[in-house]
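# Secondary and tertiary structure notes
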Amino acid sequence: MGQTCNDPMQSVSSIGDFTCECANGVKATGAAAVCETDECAATPSPCGADQTCTDPDTASNKLHDFECACNSDMSIKKVDGPATCDKDECSSNPCGMGQTCNDPSQTVSSIGDFTCTCANGVVATGAAATCETDECAATPSPCGADQTCTDPDTASNKLHDFECACNSDMSIKKVDGPATCDKDECKSDPCGMGQTCNDPVKSVKAIGDFTCECSNGVKATGAAATCETDECAATPSPCGADQTCTDANKASDKLHDFECACNNDMTMKKVDGPVTACVVDECTSNPCGMGQTCVDADTKASSTNDYTCECANGVMAIGKPAICEMGSIDECTATNPSPCGADQDCTDPNTTGASLMDFVCSCRTGKGSAVGAAATCEVNECDSNPCGAGQDCTDVMLTTTGDFECSCRLPKTGKATGMAATCEFDECASTPSPCGMGQKCVDPVKTDASLKDYTCECPNGVKATGAAIASCDTDECASSPCGVDQTCNDPNKASNMLHDFECTCNSDPNLKAVDGPATCDK
């Protein structure tokens, strides 16, 4: 290559008479000429820019022996091609996140001369610097409002050691997260219905300082107040017309103690309800029996057995039937309806005419019996368990139906008369919160029939319903923990799956690291 060939005779009889001539005029006959060839003279230079090219032997049969030497360091050489002169050690991000890397020489002969500089000026050569990192300086503060943050060791390799202390009580502290400072004791409704609750210091160290105040101003600390309740002030009066009501003790824990007295006879009294009858005409129950005339001269309830029975023949008796004539009389069947009334059994032990008003009335349901009159039956409605499980039953008056009370057992609240109560239970009021720290708990329906319906809501709006803590998404890659020239991937963004992000080198996807930058170039 590069020589001119000439065959003057071009005959088989003159083989070997061709001539070879180099570009510089050197000739040879019957063979190639030996021309001088300087490989470094090529354009562009085979060594490239910033390198010096040297061809030690320019003979045409001595090719590929040229040498390239780095101008920045002449000791760095390579034969038959450019030398590798530069290497920027900072391209592999050896300093890590938040530090500035500088490689002054950028040559392969000066490996390890790069420097790492922190934002605060701390410098290290050949390795990442140890920068101070005050975790409390983050915005917003990791402790939140109303708490003081202290970072005892701000070295970059000393993370998660900051301490949060409550401003309201500096002795309440927590490491690596906000302390639990507040506890509003009024949320559990310790005062009960009709009282105002106030918790002046909402701190876990000030338990029992809440106050309960009645509508009349009576207060108590750490417990429900004893408010005065005049049961007689109810409208209508619990004693009814023509009776006087007196409540001797108006304390809120002294209910059902009011007394009713007949206006026409103040000796006739009853506690926790009206006197059955203040005006009683004893003749209405036909105590004299068939064929006799009954007259009750004094109808006061306290004036009993003063009625008179008179026979057709004029024979009379006071407080009992007169003996008009001797014979057999069954008082239980002599009158219709029975003298005992419905729902009672009547028995006459002696049916002689001389033995009247000795019949016995016995209750079929409940307890009670009487001689010579209908019995007063007492039935405890709570015996049939009308309130159901989880409620306490109280039968206010055993002689009255439908007045039983159902009360929910703590921590549930609720009361009803004559039926089972609807119990309320705020699942979110439990301590600790069922949703955990940092989530908002809402219980929409506080009844027994709707348990586990509360919702847990993350600050970013993620919610979970049905007694489950919400999985708040946290993309660790959002803070660019892998640095430049690397790709970050967070496979699981659940709040309980931290430190699982992966850094992959852009220059070589096979180079990876979990929870920190990968080592890509060296």
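All of these numbers come straight from a predicted model, not from anything done at the bench. (Residues numbered from 1 in each chain as written. Predicted model: local features only at pLDDT ≥ 70, side-chain atom pairs only at ≥ 80, totals over all residues. Heavy atoms only, no water.)

Moving on: the overall build of the chain. For the chain, the count of helices and strands is one helix and 33 strands. Here the C-alpha atoms of the chain give a radius of gyration of 55 Å, more than 25% beyond the 24 Å that 2.2 N^0.38 yields for 522 residues. For the C-alpha atoms alone, the extent of the chain along its principal axes is close to 190 × 65 × 30 Å. By residue count, 31% of the 522 residues in the chain fall in the buried class. Within the chain, residue pairs in contact and separated by at least 24 positions form 19% of the contacts whose partners lie at least 6 positions apart. Looking at the chain as shown, the accessible area adds up to about 30700 Å², and 52% of this sits on carbon and sulfur atoms. Within the chain, the 82 negative side-chain charges are centred at a point lying 3 Å from the centre of the 31 positive side-chain charges. (Helix = DSSP H or I, 4+ residues; strand = E, 2+ residues; numbered from the N terminus. Rg over C-alpha atoms; globule rule 2.2 N^0.38 Å. Buried < 20%, exposed > 50% of the residue type's maximum accessible area, 1.4 Å probe, protein only. Contact = heavy atoms within 4.5 Å. Areas by Shrake-Rupley, 256 points an atom, 1.4 Å probe, with all protein chains shown as cover. Lys, Arg positive; Asp, Glu negative; His and termini not counted. Charge placed at Lys NZ, Arg CZ, Asp CG, Glu CD.)

Before going further, it helps to examine the confidence of the model for the chain. Here the chain averages 83 in pLDDT, while 94% of its residues score no lower than 70. Mean pLDDT values over the elements of the chain span from 76, in helix H1 (residues 331–334), up to 95, in strand E32 (residues 502–505). (pLDDT = per-residue confidence, 0-100.)

The next thing to look at is the pattern of salt bridges. Inspection of the entire model under this criterion finds five salt bridges. Here Glu 259 makes a salt bridge to Lys 269, at a shortest N to O gap of 3.9 Å. One end of the pair, Glu 259, is in strand E17 (residues 259–262); the other, Lys 269, is in strand E18 (residues 265–271), and 10 residues separate them in sequence. (Salt bridge = Lys/Arg side-chain N within 4 Å of Asp/Glu carboxyl O.)

Moving on, we come to the layout of surface pockets. Of the volumes computed, that of the second largest pocket is approximately 1300 Å³. In this structure, the second largest pocket is lined by 38 residues; those nearest its centre are Asp 189, Cys 191, Gly 192, Met 193 and Lys 415. Per-element tally for the lining of the second largest pocket: the top contributor is strand E26 (residues 404–408), with three residues. Of the residues in the lining of the second largest pocket, the class split is 13 nonpolar, 14 polar and 11 charged. (1 Å grid on protein atoms, 1.4 Å probe; cavity = no way out; pocket = protein on both sides within 12 Å on 5 of 7 lines; lining within 4 Å. Points joined across faces, edges and corners; volume = space filled by probe spheres on them. Nonpolar A, V, L, I, M, F, W, Y, C, P; charged D, E, K, R; others polar.)

For the rest of this paragraph, the subject is the state of the cysteines. If you walk through the whole model with that rule in mind, you get 21 disulfides. Two residues, Cys 239 and Cys 260, share a disulfide whose sulfurs are 1.8 Å apart. Since a negative S-S torsion denotes a left-handed disulfide, the Cys 239-Cys 260 link at about -85 degrees is left-handed. Taken as a pair, Cys 239 in the loop between strand E15 (219–221) and strand E16 (243–246) and Cys 260 in strand E17 lie far apart in primary sequence, 21 residues in all. Between Cys 5, a cysteine without a disulfide, and Cys 20, which holds the nearest cysteine sulfur, the sulfur-to-sulfur distance is 4.8 Å. For Cys 5, a relative accessible area of 56% corresponds to the exposed category. The exposure class assigned to Cys 20 is buried, which follows from its relative accessible area of 9%. (Disulfide = S-S within 2.5 Å.)

Of all five residues that make up E26, four are buried, and the element is covered over most of its length. Alignment of strand E25 (residues 391–395) against E26, held across five bridges, turns out to be antiparallel. Paired with Thr 394 across the bridge in E26 is Glu 405. In this structure, E26 lies alongside strand E27 (residues 415–417), joined through three bridges in antiparallel fashion. Among the inter-strand pairings, Cys 406 is bridged to a residue of E27, identified as Ala 416. If you look at the hairpin formed by E26 and E27, you'll find six residues sitting between the two strands, and Gly 414 has a positive phi there, around 140 degrees. (Pairing = 2+ DSSP bridges.)

What follows covers the sheet that holds strand E7 (residues 100–102). A sheet is described by the order of its strands in space; here three strands give the open sequence E7-E8-E9, paired in antiparallel fashion. Each end of this open sheet is capped by a strand with a single partner; those strands are E7 and strand E9 (123–125). Averaged over all neighbouring strand pairs, the angle between strand axes comes to 20 degrees, with direction disregarded. Alignment of E7 against strand E8 (residues 115–117), held across three bridges, turns out to be antiparallel. (Axes fitted to C-alpha atoms, helices over the stretch in contact; angles between N-to-C directions.)

Attention now moves to the sheet that holds strand E33 (residues 512–514). The strand order across the open sheet built from three strands is E31-E32-E33, with neighbouring strands paired in antiparallel fashion. Two strands in the sheet have a free side with no partner beyond their single neighbour: strand E31 (486–489) and E33. Averaged over all pairs of adjacent strands, the angle between their axes in this sheet comes to 20 degrees, without regard to strand direction.

Counting through the fold element by element, Ser 75 comes out in the loop between strand E5 (67–70) and strand E6 (77–79). Through-space distance from the C-alpha of Ser 75 to that of Ser 109 is 9.2 Å; in sequence the pair is 34 residues apart.

Another aspect to go through is the nonpolar core. Counting residues in hydrophobic clusters, the biggest one holds 11 residues: Cys 283, Cys 288, Tyr 307, Cys 309, Cys 332, Cys 340, Met 357, Phe 359, Cys 361, Cys 363 and Ala 375. If we skip the residues at most four places from it in the chain, Tyr 307 touches Glu 282, Cys 283, Pro 287, Cys 288, Cys 294, Val 295, Asp 296, Ala 317, Ile 318, Gly 319, Lys 320 and Met 357. (Core = buried A, V, L, I, M, F, W, Y, C linked by side-chain atoms within 4.5 Å.)

Our next topic: the side chain of Gln 243. Here Gln 243 is to be found in strand E16. Assessed through its relative accessible area of 13%, Gln 243 is described here as buried. Separated by 3.0 Å, the side chain of Gln 243 and the backbone nitrogen of Val 275 make a polar contact. Setting aside anything within four residues of it in sequence, one finds Gln 243 in contact with Cys 260, Ala 261, Cys 262, Asn 263, Pro 274, Val 275 and Cys 278. (Polar contact = N/O pair within 3.5 Å; in protein donor to acceptor, adjacent residues only side chain to side chain.)

With that settled, the discussion passes to unusual backbone geometry. The omega torsion of the bond from Thr 43 to Pro 44 falls at 0 degrees, within 30 degrees of zero and hence cis. Among the secondary structure elements, Pro 44 is positioned in the loop between strand E3 (27–29) and strand E4 (51–54). Here the residue pair Thr 235 and Pro 236 is connected by a cis peptide bond, since its omega of 0 degrees sits within 30 degrees of zero. Tracing the sequence through the fold places Pro 236 in the loop between E15 and E16. Located in the positive-phi region is Asp 242, a residue other than glycine, with phi close to 65 degrees. Inspection of the secondary structure assignment puts Asp 242 in the loop between E15 and E16.

Quick look at the side chain of Asp 265 now. Mapping Asp 265 onto the fold places it in strand E18. Within the structure, the side chain of Asp 265 is placed 2.5 Å from the side chain of Thr 267, a separation counted as a polar contact.

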